[in-house]
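# Structure assessment
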Amino acid sequence: MQLLVSGGAGFLGSHLIDDLVSKGENVTVVDNLSTIKHLYLPEKGVKLVKEKVENFDSSEKFDFVIHLAARPSPEDYMNNPVDTALSNSLGTQKLLEIARKNDATFVYTSSSEVYGNPSIVPTPEDYWGFVNPIGVRSCYDESKRFSEALIMAYHRQYNLDVRIQRPFNVYGPRLREDGTYGRVVSRFIYQALKGEDITIFGDGSQTRAFLYIDDWVDATERIIFTEGLSGEVFNVGSDKETKIIDLAKLILRVSNSRSMIKFLPSRVDDPPRRAADLHKIKEKLGWYPKTSLEEGIKKTVEWFGGAIN
Ligand code: UDP
């Protein structure tokens, strides 16, 4: 099979591609490497095109178009709102056209951000979302929502085979820990291993539900390769909510760190609770996360220990 993966050099993409290539698939990656510090792509079985998704075109034949490209770190996308909004909208349109030309299956990695600040947690796929359309997160949330709408328009108007997943706080080895790119897990682990203060925004009572990368790869491959899923949307996450303060304590314990916890002002529009309702993906694809948070954090701490030292 020939797969085109946008944003394939990023955290999610590099793990997915490792697995696809090990199974003999051929992958073309389009990635402008704008958020990349280290390239983890396998040496064989992958062709890398360094290009913005919005500008990409190709006469190659693809069976699947997997659209991952995005800038998911809130601090990073708030610093780059125009680029974020455009790659999440124009980029999607570009790849939909490539999928249409090839009659390929189109798989979109949307985001749990489309739910905004939901009133139902764990949140099921049929919840419509509660999003601030002009807030600091809107460049990301609303462009992800627009992408979903455009994808469904291509499905309805052109009968394109499309599948949408909404990942929830995926973590694991290879996540960036530095600067504005750091997500909560990678940043806390880095701080714990370096003996720096653990920076909690707000009082740490806000929750997230974390998913280990191997479980995400498994769910994503099921969404890509299972027949008969056209037009379907799936949450890919965990249904177990963890308070950010409890995540900090777990990371301190697992990494044997003496770092102190430092409380900083809350982020604007930071969703207070987030978790995935997993009934649909469990029923339709037989998928449920296998890795506990403690086990996943141990593996991630181990990897960061090697990467930092
Ligand atoms: N967070 C934190 N300290 C940090 C980074 C993040 O307390 O240094 C919190 C953040 O306020 C949010 C949660 O951790 O409630 C998850 O943040 P992340 O940036 O990983 O992504 P989000 O889920 O908000 O998109």
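Note: the structure precedes this text.
Each chain carries its own residue numbering, running from 1 in the written order of its sequence. Residue-level local features of this predicted model are given only where pLDDT is at least 70; pairs of side-chain atoms are given and counted only at 80 or more, and the full residue set underlies all totals for whole chains, interfaces and linings. Based on all heavy atoms of the structure, the side-chain values leave hydrogens and waters out of the count.

### Regarding the nonpolar core
Throughout this description, the term nonpolar core refers to a set of buried Ala, Val, Leu, Ile, Met, Phe, Trp, Tyr and Cys residues connected via side-chain atoms within 4.5 Å. Each residue gets one of three labels from its accessible area relative to the maximum for its type: buried under 20%, exposed over 50%, partly exposed in between, using a 1.4 Å probe on protein chains only. Grouped together as the largest cluster of nonpolar side chains are 57 residues, with contacts concentrated most on Ile66, Trp216 and Ile281. Of all the elements, helix H8 (residues 244–254) adds the most residues to this core, at seven residues. Residues count as neighbours in contact if any of their non-hydrogen atoms are within 4.5 Å of one another. Excluding anything up to four places from it in sequence, Ile281 contacts Ala219, Ile223, Phe234, Asn235, Val236, Gly286 and Trp287. To qualify as a helix, a DSSP run of H or I must reach at least 4 residues; to qualify as a strand, a run of E must reach at least 2; elements of each kind are numbered from the N terminus.

### Comments concerning empty space enclosed by the protein
A cavity here means a set of 1 Å grid points, computed over protein atoms only, where a 1.4 Å probe fits but cannot escape. A pocket is an open set with protein on both sides within 12 Å along at least 5 of 7 lines, and lining residues have an atom within 4 Å of a point. Grid points are joined across faces, edges and corners, and a volume is the space filled by probe spheres set on the points. Under the criterion given, the structure shown has one cavity of 30 Å³ or more. What the largest cavity holds in volume is close to 50 Å³. Contributing to the lining of the largest cavity are Asn169, Val170, Tyr171, Leu175, Arg183, Val184, Val185 and Phe210. Looking at the lining of the largest cavity, the elements that each hand over two or more residues are strand E7 (170–171) and helix H6 (184–194). Throughout this entry, Asp, Glu, Lys and Arg are counted as charged residues, while Ala, Val, Leu, Ile, Met, Phe, Trp, Tyr, Cys and Pro are counted as nonpolar. The remaining residues, Gly among them, count as polar. A class-by-class count of the residues in the lining of the largest cavity yields six nonpolar, one polar and one charged.

### Some thoughts on the packing of H6 against helix H10 (residues 293–308)
In contact at an axis separation of 10 Å, H6 and H10 are set at 60° when each is read in the N-to-C sense. One finds that H6 runs oblique with respect to H10. At the point where H6 passes H10, the crossing takes the right-handed sense. The residues of H10 that touch H6, namely those facing Val185, Ser186, Ile189, Tyr190, Leu193 and Lys194, are Ile297, Thr300, Val301, Phe304, Gly305 and Ile308. Partitioned by chemical class, the residues of the contact of H6 with H10 number eight nonpolar, three polar and one charged. Angles here are taken between N-to-C directions and fall from 0 to 180 degrees, while the axes themselves are lines fitted to C-alpha atoms, restricted in helices to the stretch in contact. Every angle not falling under 35 degrees, over 145, or within 65 to 115 is termed oblique; those three ranges are roughly parallel, roughly antiparallel and roughly perpendicular. Should the near helix be turned anticlockwise from the far one by less than a right angle, the crossing is left-handed, and should it be turned clockwise, the crossing is right-handed.

### Some words on the site of the ligand
Contacts to the ligand come from 17 residues, most closely from Val184, Thr199, Phe201, Arg208 and Asp270. Here an oxygen atom of the ligand and a side-chain polar atom of Arg267 are 3.0 Å apart. Notes on the ligand: free accessible area 520 Å², of which the protein chains cover 99%. Secondary structure elements with two or more residues in the shell around the ligand: H6 and strand E8 (198–201). When its residues are assigned to classes, the shell around the ligand shows six nonpolar, three polar and eight charged. Summary of the distance rule: residues count as near a molecule or strand when at least one heavy atom falls within 4 Å of that molecule or strand. Two N or O atoms count as a polar contact when they lie within 3.5 Å, although within protein this holds only if one can serve as hydrogen donor and the other as acceptor, and sequence-adjacent residues are included solely when both atoms are side-chain atoms. Method for areas: the Shrake-Rupley scheme with a 1.4 Å probe, in which residue coverage is limited to the protein chains shown.

### Some details on helix H1 (residues 11–22)
One full turn of an α-helix is made of 3.6 residues, so residues set three or four places apart face in the same direction. Taking 1.5 Å of rise per residue, the 12 residues of H1 would be expected to cover 16 Å, and the 17 Å separating its terminal C-alpha atoms lies within 8% of that figure. Counting buried positions along H1 gives nine out of 12 residues, so the element sits mostly inside the fold. At the C-terminal side of H1, Gly24 shows a positive phi close to 90°. Multiplying 1.5 Å by the residue count of a helix minus one yields the expected span of that helix.

### Observations regarding the sheet that holds strand E4 (residues 64–67)
We treat two strands as partners when DSSP finds at least two bridges between them. Here seven strands make up an open sheet; going across it, the order is E3-E2-E1-E4-E5-E6-E11 and the pairing parallel. With partners counted over all chains shown, the strands left at the sheet margins are strand E3 (46–49) and strand E11 (232–236), one partner each. Ignoring strand direction, the axes of neighbouring strands in this sheet form an average angle of 15°. Here strand E6 (residues 162–167) runs beside E11; their pairing, made up of five bridges, is parallel. When the sheet's bridge partners are listed, Ile164 is paired in E11 with Val233. Of the strands in this sheet, strand E1 (2–6), E4 and strand E5 (105–109) are in contact with helix H4 (residues 90–102), which crosses E4 at around 170°. Packing of helix H7 (residues 213–225) onto the sheet brings it into contact with E1, E4, E5, E6 and E11, and relative to E6 it is tilted by some 165°.

### Thoughts on the packing of aromatic side chains
Centre distance within 6.5 Å is the pairing criterion for rings of Phe, Tyr and Trp, where only the six-membered ring of Trp is used; planes under 30 degrees apart are then read as stacked, over 60 as edge-to-face, and the remainder as tilted. All told, the structure shown has nine aromatic pairs when counted by the stated rule. Ring centres of Tyr77 and Tyr140 lie 4.5 Å apart, and the angle between their planes is 5°; on these two criteria the pair is classed as stacked. On the criterion of sequence distance, the pair formed by Tyr77 in helix H2 (residues 74–79) and Tyr140 in helix H5 (residues 138–158) is long-range, its members being 63 residues apart. In this structure Tyr140 comes out as buried when scored by relative accessible area, which is 4%. Centre to centre, the rings of Tyr171 and Tyr212 are 5.6 Å apart; their planes meet at 65°, and the pair counts as edge-to-face. Taken together, the positions of Tyr171 in strand E7 and Tyr212 in strand E10 (residues 211–212) put the pair 41 residues apart, joining distant regions of the chain. Like Tyr212, Tyr171 is buried. If you follow Arg100 out to its NZ or CZ, it ends over the ring of Tyr158, 3.7 Å from the centre. Criterion for a charge above a ring: Lys NZ or Arg CZ within 6 Å of the ring centre, and within 35 degrees of the ring normal. Across from the ring centre of Phe234, 4.9 Å away, lies the NZ or CZ of Lys280, which sits over that ring.

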